[in-house]
Amino acid sequence: SVVRLTALEFVRKASRRKRREDASGSLHGNAAHPDAQLDVRRILARLPAECRQLLERVYFLGATTAELATELSLAESSVRAKLSRCIRRARLIAV
């Protein structure tokens, strides 16, 4: 029903907002393992700008693929494919 979907959307948005707030300090010394933070920063620095921006927005700012698709004027499936390729690249750098 419309009411149920609206309620779910509200809860999801609140959850994303909380994740964004929690993640906003995660790269600034709040994590338990500073060495892991440094590794993540090094990996991100070696990625192409597009990948770095996508990964930062999804994992640190809590953006959804739907939000990114709208902003980038792409299909959601295209955003997911780009994220998948970027994650693959990051894993190759990490090895």
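Structure shown above.
A brief structural summary. Throughout this document, residue positions are counted from 1 along each chain, in the order its sequence is written. For this predicted model, a pLDDT threshold of at least 70 governs which residues receive local features, and a threshold of 80 or more governs which side-chain atom pairs are given and counted, while totals over whole chains, interfaces and linings are taken from all residues. The basis for every side-chain value is the complete set of heavy atoms in the structure, and neither hydrogens nor water enter the calculation.

So, about helix H3 (residues 49–60). Count 3.6 residues to each turn of an α-helix, and residues three or four apart come out pointing the same way. Runs of H or I in DSSP of at least four residues are treated as helices and runs of E of at least two as strands, each being numbered from the N terminus. One less than the residue count of a helix, multiplied by 1.5 Å, gives the span that helix is expected to have. In a regular helix each residue adds 1.5 Å, so 12 residues correspond to 16 Å; H3 covers 16 Å between its end C-alpha atoms and thus fits that length. Working definition: with a 1.4 Å probe on protein chains only, accessible area under 20% of the residue-type maximum means buried, over 50% means exposed, and in between means partly exposed. Within H3, burial applies to Cys51, Leu54, Leu55, Val58 and Phe60. Taken from the residues just after H3, Gly62 is the one with a positive phi, measuring 75°.

Take helix H5 (residues 76–94) next. Taking 1.5 Å of rise per residue, the 19 residues of H5 would be expected to cover 27 Å, and the 27 Å separating its terminal C-alpha atoms lies within 8% of that figure. Regarding H5, the residues found buried are Val79, Leu83, Cys86 and Ala90. Looking straight down H5, one finds its buried side chains confined to an arc of 65°; they lie on one side. Exposed residues lying more than 90 degrees from the buried face of H5 are Arg91 and Leu92. It is the directions from the helix axis to the C-beta atoms whose arc is reported.

The next thing to look at is the state of the cysteines. Cysteine sulfur atoms are paired as a disulfide whenever they fall within 2.5 Å. A complete count under the given rule lists one disulfide for this structure. Between Cys51 and Cys86 runs a disulfide, and the two sulfur atoms are separated by 2.2 Å. On the sign convention where negative is left-handed, the bridge of Cys51 and Cys86, at about -75° about the S-S bond, is left-handed. Of this pair, Cys51 sits in helix H3 while Cys86 sits in helix H5, and the two are 35 residues apart along the sequence. Of the two residues, Cys51 and Cys86, both sit in the buried class.

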